[in-house]
Amino acid sequence: MTLLFHHRYKKVSRILFYFCFLFGFVYLIFLEGNETLEEWFTFKVPAFISKDFFSKLEIGWHWVDTMFMDEALSVFLVLSGIFAGFSKEKHEDELIDKMRNDSLRWSLFINYGILLLTLLGVYGAIYLSFMFAQLFLILLLFNLIFDIKLYRHYKSGRNEE
Amino acid sequence: MKNKIRVYRSMHKVSQQDLADKLQVSRQTINAIENDKYSPSLELALKMTQLFDCKVEDLFEL
């Protein structure tokens, strides 16, 4: 129970996480390749390693041109997902901690189950898209399962005294 | 693991909320324990026996 963030981060990180996920989904389906967005968000960023299809591998600090939207979304997703899942509840106790651990275990099982199916059943370039999606799927599953468990927990025994 | 927390609570005229406050857990956690949906840790079980002034085996049974 000690390795948790303060309760004050819970609400804002949860909202940010689900918003980023929805926006990321909309972006991947409808907005990827949008010229206006690419114009706005493409700029030089520092890189340590880079390699394009037709350029050689560069190692060491240098500048690269990139569409920064993916990176920004990914950073927000990871940080908000971790803060949402690992911030204390208002009344954090051992049952909440058990629910958090159970949610993490379930999300790990499901994610790696899907990974096994991907390894054995998905081939070609789309395989990379599946692998990329699975980087964030474990966080999404964890937060979803944990939020459902919390909802049921707070709803339980409302009329009991 | 079965328990008699509800019985002891009514004997001592303590509400779920009062017991939860004394044990520093949520009322829903007390409710889950009473309904055998969750087995408390040893620490929490011992705190309960202290509060109700009874033995662990009086409060819990396998």
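Residues numbered from 1 in each chain as written. Chains lettered and ligands numbered in written order. Predicted model: local features only at pLDDT ≥ 70, side-chain atom pairs only at ≥ 80, totals over all residues. Heavy atoms only, no water.

**Student:** Describe the overall build of chain B, and please don't skip the residues or the numbers.
**Tutor:** Regarding its fold elements, chain B presents five helices and two strands. Scaling as 2.2 N^0.38, a compact globule of 62 residues should have a C-alpha radius of gyration of about 11 Å, and chain B matches this with 10 Å. Here the C-alpha coordinates of chain B stretch approximately 25 × 25 × 20 Å along the principal axes. With 62 residues in all, chain B has 48% of them scored as buried. Contacts in chain B between residues at least 24 apart in sequence constitute 56% of all its contacts with a sequence separation of at least 6. For chain B, the computed accessible surface area is about 3700 Å², with 49% contributed by carbon and sulfur atoms. Taking the average location of the 10 positive side-chain charges in chain B and that of its 9 negative ones, the two points are 5 Å from each other. (Helix = DSSP H or I, 4+ residues; strand = E, 2+ residues; numbered from the N terminus. Rg over C-alpha atoms; globule rule 2.2 N^0.38 Å. Buried < 20%, exposed > 50% of the residue type's maximum accessible area, 1.4 Å probe, protein only. Contact = heavy atoms within 4.5 Å. Areas by Shrake-Rupley, 256 points an atom, 1.4 Å probe, with all protein chains shown as cover. Lys, Arg positive; Asp, Glu negative; His and termini not counted. Charge placed at Lys NZ, Arg CZ, Asp CG, Glu CD.)

**Student:** Please provide a residue-by-residue account of the pattern of salt bridges, values included.
**Tutor:** Evaluated as defined, the whole model comprises 10 salt bridges over all chains. The salt bridge involving Glu43(B) is made with Lys47(B); its shortest N-O contact spans 3.7 Å. Of this pair, Glu43(B) and Lys47(B) both sit in helix α4 (residues 42–52), four residues apart, which is roughly one turn of that helix. Taking the relative accessible area as the measure of exposure, Lys47(B) reaches 31% and is therefore partly exposed. Each of Glu92(A), Asp97(A) and Arg100(A) takes part in one network of salt bridges that share partners. (Salt bridge = Lys/Arg side-chain N within 4 Å of Asp/Glu carboxyl O.)

**Student:** So, the layout of surface pockets: which residues are in play, and what are the values?
**Tutor:** Here the largest pocket is characterised by a volume of approximately 570 Å³. Taken together, 21 residues make up the lining of the largest pocket; nearest its centre are Gly24(A), Leu28(A), Phe132(A), Ala133(A) and Phe136(A). Residue lining of the second largest pocket: Leu95(A), Lys98(A), Met99(A), Asp102(A), Lys149(A), Arg152(A), His153(A), Ser156(A), Asn31(B), Ala32(B), Lys37(B) and Tyr38(B), and that is the complete set. Per-element accounting of the lining of the second largest pocket gives the leading share, four residues, to helix α4 (residues 94–121) of chain A. Class assignment for the residues of the lining of the second largest pocket results in four nonpolar, three polar and five charged. (1 Å grid on protein atoms, 1.4 Å probe; cavity = no way out; pocket = protein on both sides within 12 Å on 5 of 7 lines; lining within 4 Å. Points joined across faces, edges and corners; volume = space filled by probe spheres on them. Nonpolar A, V, L, I, M, F, W, Y, C, P; charged D, E, K, R; others polar.)

**Student:** Pulling in residues and values, what's your account of the interface of chain A and chain B?
**Tutor:** At the interface, 12 residues of chain A touch 17 residues of chain B. Taking both partners together, chain A and chain B bury about 1200 Å²; carbon and sulfur atoms supply 43% of that area. The interface formed by chain A and chain B holds zero salt bridges in total. Across the chain A-chain B interface, the total number found is five residue pairs in polar contact (both at pLDDT 80 or more). Taken together, the elements giving at least two residues each to the side of chain A that touches chain B come down to α4 and α5 (126–155) of chain A. Considered class by class, the residues forming the side of chain A that touches chain B number two nonpolar, four polar and six charged. (Buried area = accessible area lost by both parts, 1.4 Å probe. Polar contact = N/O pair within 3.5 Å; in protein donor to acceptor, adjacent residues only side chain to side chain.)

**Student:** Tell me about the nonpolar core, and name the residues and values.
**Tutor:** Counting 19 residues, the largest nonpolar core has Ile5(B), Leu19(B), Leu23(B), Ile30(B), Met48(B), Phe52(B) and Leu59(B) as its most contacted members. Broken down by secondary-structure element, the contributors of at least two residues to this core are α1 (5–11), α2 (16–23), α3 (27–34) and α4 of chain B. Sort the elements by how many residues they give to this core and α4(B) lands first, with four residues. If near-sequence neighbours (up to four positions away) are discounted, Leu23(B) is found in contact with Ile30(B), Leu44(B), Lys47(B), Met48(B) and Leu51(B). Among the nonpolar cores identified, the runner-up in size contains 11 residues, and Cys20(A), Leu77(A), Phe136(A) and Leu139(A) belong to it. (Core = buried A, V, L, I, M, F, W, Y, C linked by side-chain atoms within 4.5 Å.)

**Student:** Account for the environment of Phe76(A), with residues named and values stated.
**Tutor:** All names here are of chain A. With respect to the secondary-structure elements, Phe76 resides in helix α3 (residues 69–85). For Phe76, a relative accessible area of 46% translates into the label partly exposed. With 63 residues separating them in the primary sequence, Phe76 and Ser13 have C-alpha atoms 9.4 Å apart. Excluding residues that lie within four positions of it along the chain, Phe76 makes contacts with Leu16, Cys20 and Gly81.

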